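Analysis of the macromolecular model
Single-letter residue listing:
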Amino acid sequence: MATQFQIIPPGKFSFKGNIGKNGSRDLNIGEKPQSVRINTLIYCMGDREEEFFNCFEFPPAPVPQEKEEEAVDWKQREGETVDEYITGLYLLAGHCNYGNLKEELIRDCIVVGIRDKKLQRKLQLIEKEDEMACLIKGCNFLLKNIPDEAFAFVRHGNPEYQFQTSEPNIFPYLLLNVGSGVSIVKVESEDKYERIGGTAMGGGTFLGLGSLLTNAKEFDDLLNLAVKGDHRNVDMLVKDIYGGAYSALGLPGDLLASSFGKTVRNSKQATGEAAHIYAEEDIAKSLLHMISNDIGQIACLYANLHGLKKCYFGGYFIRGQPVTMSTITFAMNYWSKGEVQGLFLRHEGYLGAIGAFLKGAEEDDTVKYQWGENYAGSSGLTCSSPPPYGKFATRGRSGTFDMLELDRLDHPLVHLPKLRDPGHYHADTVDLTKDTEARIYWLDCFEEAIDRVAKCAVKSQPNSEDSQERAQQFIIKYRKRLQELREQPFKVAHPVRKSVKVSCVFGISGKSSATDTSCTKTSSRSPMVEGQPHKLAIIFVDNSGADVILGVFPLVKELLNRGTEVILSANSGPALNDITHNELRIVIKRVTELDSDICLAVDENRLTLLESGSASPCLDLSRVDQELAEQCRKADLLIFEGMGRAVHTNLEASFTCESLKLAVLKNKWLANRLGGEAFSVMFKYER
Amino acid sequence: MDSKPKFINGNTPTTGSENGSDIDSDIAAPPMPWFGLDIGGTLTKLVYFEPTDINTAEEEGYKEVETLRTIRHYLTSNTAYGKTGIRDVHLTIKQFEIHQRVGNLHFIRFPTNDMHIFLQMVEAKKLSSLADTICSTGGGAFKFEQEFKDVVNMRLEKYDELNCLISGIHYIDSKIPNECYYWSNLDPFNSEACEKVPFDFRDPYPYLVVNIGSGVSILTVHSRHKFQRVSGTSLGGGTFLGLCCLLTGCQTFEEAIEMAASGDSTKVDKLVRDIYGGDYARFGLPGSTVASSFGHMNISEKRDAATKNDLARSTLVTITNNIGSIARMCALNHGIERIVFVGNFLRVNPIAMKLLSYAMEYWSKGALKALFLEHEGYFGAVGALMKLISTKSDQKDKSEPSQFEV
């Protein structure tokens, strides 16, 4: 079976926010005098302590009586995960602006902070040279395993964030790691990569010049200034050079001709501090444009030279800032004439840390794990939990991808081989980022259901003292999230789409949804299959209970009688009332006792069970269990049962073999949309 | 506002099919005075031909002979005009033969912002009584067209600036020995050891032209008539001077260069060795490579420790390296080995020239060669002058330029 784990490495080296605080805590020196704490940390940091020290703000030793709340925050809580730890480190590192140093510092912090001695030793062995390896490893990992990791940004597009489907083959690509400077790496395979260039104009230049020319001394402050600024007051544009005539030439007057070209003094401005006549917002904006343009242009030049079409951006410079992303995108489109695509990563700042973590985990355990994003715990495109400490709290708008929770899966997940066009396969039938009507409908459904769900939850835990309180927290948090989605629909990324499906499949809240009694209607079904018998049919099963007993098994029998082998594929993990693989094993044992045909088929291996790899009411065929995928190569019939697997996902999917999608449309709104009535039975057969 | 970055358009492939530096001697020479004007974003460049083969009798035939003499005298007897106009005396080409005339070619520049002063001079010297047009190029030819008409009643005859640039380069190079040179004995730690060595420019094709004005234009040149703008950047001389003005409060380009000459950019920039303690051998990065321009300046102590000269130096190094990097990638993408750097950013700027030379050589392992031209910023103006004397007035190129360089 496949169980899902959170990444909580040995010793739970999970702490968050301020390394000064947490380092102290994790070295068990939190109660010691400040000097001892500082010295211990410095000792542990080795020769990097000076730079590191500069960005530290050591908190006073915790005094529980007075600062109870804060002290509680410092404690390592149950369920705190590695991403929170990484987030904290990256916040600090990004904050300190150590650029290329950052990966190293983070590794040092892990080494210092980790409690597990075995892992600590291993991590210490990671040499500086492995930074790049970690970076690439992390990037490959995200691109392969995290759905909707990469996106193109199209300013004023609908949607602005265009998520990329994860392709079976991500190589080759160009990775620009934008730290204080920029490293440009060509990645050709999991193990083959090369640093082909770089530029010294990066985040450090932005912050360095910004610190000199404005009052902002923090990266985010400078970004916030830039967003408010107008670079045209500082930059020389075409219209400044060509005068009013530019329109006659078909040239937009706002074309950038010379960055900071207007700040050149001329004889008219005799004396006085030049800097004072330019707004610092405008200067910051011009800086951001200058550097983003430059990075985009240089990315194109390298991509062209090496014949690459995709450039991913890692590092901490971009931070999800639309101005930065649109500037880079514009520059790349302009200089490559659309040939080279600039793609941004939701977890741009995590690449090295994730790579380092995976490297450590691999060395610790030779089993090849597969990881999946935990949507409930991850922030998606929002900053779900701004760190509460002092200046970190100001991070706010930028650096938005700061929460990643990963589940470890026991089996690798791969594309289903029968997909006709795996590179363009989208599991979702409706893209809620684009489909406004559908989005509003489902968000309304959620909103209306919140109280009911919370009530059910409280009722289900009669012995819990704080269930009321937790339910209340849930309501607040959930409402806030829904509001965000209404305001910024592009954030309806994978995690939320998924929950949409969860609820609609089960009619949790569909305005006109029925109870699940409708399922029983299928009991009267007596499937007949005609024509040439199939060799191997794979049935993706849906609900437990009547659905599987009265719906699926008669179909299985029919197929077996025709001489078709059958694989029943159920979810690996639990999701609502879907039958799981393990439950199906129990069920089938009971069925064999009652039905001799089934019994014989099981004995002769004509009827087998394979887990799907999924733990969702929906089915993403780009992420199915490897063994199932292997068996699937021989299949000539795929059957998808239920709304989650056949309607909300895969309705439009096309296969290289025959397929049958069947469901009862339990939701009136959706049924109408598909041109039917509520409780219509849908069969979609394709060959 | 629309915050999208914009660039100078100019990627439209253009082959300069036009008659570049060839002067058709059948065409009657236009009346004196002969000017070529290039109005850039920051600087305006004026090329003036002073005939020395004057046949007094012939000249007396002109009705405005006094005016002509006044102008000639004014331009050649001064080296500065107004507060900001400068004649680059060291660039004067003596005994220059053009269109069967012999004389001196003078090179004059003034800030584009002082155009009104120039116009006053034109008016005072009654230039418009001698000619009704001035052959001009650069964006300012458009911007100031109306002003010329209104103030001095003269027409700016506008020519494509890349065309002017290329024909100017070829014309000067074909006429002047030792115009083109490179820097040898490059040593980043001992710039005094570098020396200028003439380069034979008779068969330079293909080559790249990197014209560094306020912004930068990059062109591939495959023959005298076949060239194309392939790239450019908004980080150019204007960026250097603009940032220097903001950072140091300096007033002029010369001042900025002077400050930079005595500054130390390693106090401002973060080098590879600041991060790795030495070279980053695995990726072939020497410790002295700049890892992050201005990368130290986020730390207040280092900000306090950096002098204005250090900041000026770092600005110069940053802009120069960036231009070098883009130029190098363009050369690689187009399979070109010779890169000619021109533009007024290079004026009195051996630091930038040596840095570019070193960067081209180092990163290409000697495959790329950085070349420079003595009349670095004046080729556009020379090209405009060529148009004046090579084209009959009724045949002037009226086509809208397809490419622009700033």
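Residues numbered from 1 in each chain as written. Chains lettered and ligands numbered in written order. Predicted model: local features only at pLDDT ≥ 70, side-chain atom pairs only at ≥ 80, totals over all residues. Heavy atoms only, no water.

So, the overall build of chain B
Looking only at helices and strands, chain B has 13 helices and 17 strands in total. A burial count over chain B gives 60% of its 406 residues as buried. Intrachain contacts of chain B at a sequence separation of at least 6 include 69% that bridge at least 24 residues. For chain B, the exposed area adds up to about 15,400 Å²; of that, 48% sits on carbon and sulfur atoms. (Helix = DSSP H or I, 4+ residues; strand = E, 2+ residues; numbered from the N terminus. Buried < 20%, exposed > 50% of the residue type's maximum accessible area, 1.4 Å probe, protein only. Contact = heavy atoms within 4.5 Å. Areas by Shrake-Rupley, 256 points an atom, 1.4 Å probe, with all protein chains shown as cover.)

Re the sheet that holds strand 6 (residues 193-199) of chain A
Residues and elements named next belong to chain A. In space, the 7 strands of this open sheet follow the order 3-2-10-9-4-5-6, with mixed pairing throughout. Each edge of the sheet is formed by a strand with only one pairing partner; in this case those strands are strand 3 (161-163) and strand 6. Taken pair by pair, the neighbouring strands of this sheet meet at an average axis angle of 35°, ignoring direction. Pairing of strand 4 (residues 173-178) with strand 9 (residues 310-315), which is carried by 5 bridges, proceeds in the parallel orientation. Bridged to N177 within strand 9 is G314. (Pairing = 2+ DSSP bridges. Axes fitted to C-alpha atoms, helices over the stretch in contact; angles between N-to-C directions.)

What to know about the nonpolar core
Counting residues in hydrophobic clusters, the biggest one holds 105 residues, and the most contacted among them are A:L176, A:F313, B:V210, B:F341 and B:F345. Here this core gets 13 residues from one element, more than from any other, and that element is helix 12 (residues 280-305) of chain A. Residues within four places of B:F345 in sequence aside, it is in contact with B:I212, B:G237, B:F240, B:F253, B:L316, B:I319, B:T320, B:I323 and B:A352. Among the nonpolar cores identified, the runner-up in size contains 65 residues, and B:C180, B:V209, B:V382 and B:M386 belong to it. (Core = buried A, V, L, I, M, F, W, Y, C linked by side-chain atoms within 4.5 Å.)

Describing the sheet that holds strand 9 (residues 180-184) of chain B
Residues and elements named next belong to chain B. Sheet architecture is open: 7 strands sit in the order 10-9-17-16-11-12-13, paired in mixed fashion. Strand pairing shows two members of the sheet lacking a second neighbour, strand 10 (195-198) and strand 13 (227-233), which therefore form its edges. The mean inter-strand angle of the sheet, taken between neighbouring strand axes irrespective of direction, is 30°. Sheet analysis places strand 11 (residues 207-212) next to strand 16 (residues 338-342), joined by 5 bridges and oriented parallel. Looking across to strand 16, one finds that V210 is bridged to F341. Against the sheet, helix 12 (residues 350-363) touches strand 9, strand 11, strand 16 and strand 17 (369-373), its axis set at about 155° to strand 17.

Structural notes on unusual backbone geometry
Following B:M32, the chain continues to B:P33 via a peptide bond in cis, the omega torsion being 0°. On the secondary structure map, B:P33 appears in the segment before strand 1 (34-39). With omega at -15°, the peptide bond leading from B:Y205 into B:P206 counts as cis. In this structure, B:P206 sits in the loop between strand 10 and strand 11. Of note in this structure, A:N650 is not a glycine but carries a positive phi near 70°. With respect to the element layout, A:N650 can be found in the loop between helix 22 (643-648) and strand 19 (658-665). For A:N650, a relative accessible area of 0% gives the class buried. Of note in the backbone geometry, B:N185 takes a positive phi value of approximately 55° without being a glycine. Examined against the element boundaries, B:N185 turns out to sit in the loop between strand 9 and strand 10.

What about helix 13 (residues 322-336) of chain A?
All names here are of chain A. With 15 residues, helix 13 ought to run about 21 Å at 1.5 Å a step, and its terminal C-alpha atoms sit 21 Å apart, in line with that. Burial runs high along helix 13: 13 of the 15 residues are buried. A positive phi of about 50° marks K337, the residue just after helix 13. (Expected span 1.5 Å × (residues − 1).)

Quick notes on the pattern of salt bridges
Within the structure shown, the criterion is met by 28 salt bridges over all chains. The salt bridge partner of A:K309 is A:E339, with a shortest N-O separation of 3.3 Å. Of the two residues, A:K309 sits in the loop between helix 12 and strand 9 while A:E339 sits in the loop between helix 13 and strand 10 (341-345), which places them 30 residues apart along the sequence. With a relative accessible area of 47%, A:K309 lands in the partly exposed category. B:R155 is paired through a salt bridge with B:E157; the nearest N and O atoms lie 2.9 Å apart. For B:R155, a relative accessible area of 36% corresponds to the partly exposed category. B:E157 gets classed as buried once you look at its relative accessible area, which sits at 4%. Bridged by salt links that share partners, the residues B:D88, B:R109, B:E254 and B:R347 form one connected network. (Salt bridge = Lys/Arg side-chain N within 4 Å of Asp/Glu carboxyl O.)

Brief notes about the packing of aromatic side chains
The full count for this structure, using the stated rule, is 36 aromatic pairs over all chains. Each ring, one from A:Y173 and one from A:Y312, has its centre 5.1 Å from the other, and the planes form 90°; the classification is edge-to-face. With a gap of 139 residues between them, A:Y173 in strand 4 and A:Y312 in strand 9 connect regions that are remote in the sequence. This pair shows no difference in class: A:Y173 is buried, exactly as A:Y312 is. Ring centres of B:Y205 and B:Y207 lie 5.9 Å apart, and the angle between their planes is 35°; on these two criteria the pair is classed as tilted. On the basis of relative accessibility, which here comes to 24%, the residue B:Y205 falls in the partly exposed class. Three or more aromatic residues link up through ring pairs in this structure, and these residues are A:F151, A:F153, A:Y161, A:F163, A:F313 and A:F344. Taking NZ or CZ as reference, B:K125 lies 4.2 Å from the ring centre of B:Y74, over its face. Directly above the ring of B:F96 sits B:K175, whose terminal nitrogen or CZ lies 5.8 Å from the centroid. (Phe/Tyr/Trp six-rings, centres within 6.5 Å; stacked < 30°, edge-to-face > 60°. Lys NZ or Arg CZ within 6 Å of the ring centre and 35° of its normal.)

Considering the state of the cysteines
Taken as a whole, this structure holds 0 disulfides over all chains when the rule is applied. The thiol sulfur of A:C657 is not disulfide-bonded, and the nearest other cysteine sulfur, from A:C632, lies at 6.3 Å. Not part of a disulfide, B:C135 finds its nearest cysteine sulfur in B:C164, a span of 8.5 Å. Residue B:C135 is classed as buried on the basis of its relative accessible area of 0%. (Disulfide = S-S within 2.5 Å.)

Some details on the packing of helix 15 (residues 436-460) of chain A against helix 16 (residues 467-487) of chain A
Working note: a packed helix pair is described by the angle between its axes plus the distance between those axes. All names here are of chain A. At their nearest, the axes of helix 15 and helix 16 sit 9 Å apart, and the two run at 175° to each other. Classed by the angle they form, the pair helix 15 and helix 16 counts as roughly antiparallel. Contact residues: I440, L443, D444, F446, E447, I450, D451, V453, A454 and V458 in helix 15; S467, Q468, A471, F474, I475, Y478, R479, L482, L485 and R486 in helix 16. Here the residues of the contact of helix 15 with helix 16 are counted per class, giving 13 nonpolar, 2 polar and 5 charged. (Parallel < 35°, antiparallel > 145°, perpendicular 65-115°, else oblique. Nonpolar A, V, L, I, M, F, W, Y, C, P; charged D, E, K, R; others polar.)

What about the confidence of the model for chain A?
All names here are of chain A. Per-residue confidence for chain A averages 71 on the pLDDT scale, and 65% of its residues sit at or above 70. Low pLDDT, under 50, characterises residues 107-117; the stretch is placed with 34 contacts to residues that sit more than four places away or in other chains. Taken together, the stretch residues 267-275 has pLDDT below 50 and engages in 15 contacts with residues farther than four places along the chain or on a different chain. (pLDDT = per-residue confidence, 0-100.)

With respect to the pairing of strand 6 (residues 101-111) of chain B
Residue and element names in this part refer to chain B. Counting buried positions along strand 6 yields 9 of 11 residues, so the element is predominantly enclosed. Two elements, strand 2 (residues 43-51) and strand 6, share 9 bridges in a ladder whose sense is antiparallel. Along strand 6, the bridge assignment pairs E50 with N104. Bridge analysis of strand 4 (residues 85-87) against strand 6 gives 2 bridges, and the strand direction is antiparallel. In the strand pairing of strand 6, I86 is matched with R109. Here strand 5 (residues 93-98) pairs with strand 6 via 4 bridges, running antiparallel. Counted as the bridge partner of F96 is G103 from strand 6.

Some details on the packing of helix 7 (residues 237-248) of chain B against helix 8 (residues 253-261) of chain B
Residue and element names in this part refer to chain B. Here helix 7 crosses helix 8 at 70°, and the two axes come no closer than 10 Å. Of the possible angle classes, the one that applies to helix 7 and helix 8 is roughly perpendicular. Residues F240, L241, C244 and T248 of helix 7 form the contact with helix 8, whose participating residues are F253, A256, I257 and M259. Grouping the constituent residues of the contact of helix 7 with helix 8 by class yields 7 nonpolar, 1 polar and no charged.

Comments concerning the environment of A:Y425
All names here are of chain A. Relative to the helices and strands, Y425 is located in the loop between strand 13 (413-414) and helix 15. Since its relative accessible area comes to 8%, Y425 is described here as buried. Once the C-alpha coordinates of Y425 and A601 are considered, the two residues, 176 residues apart in sequence, prove to be 34 Å apart.

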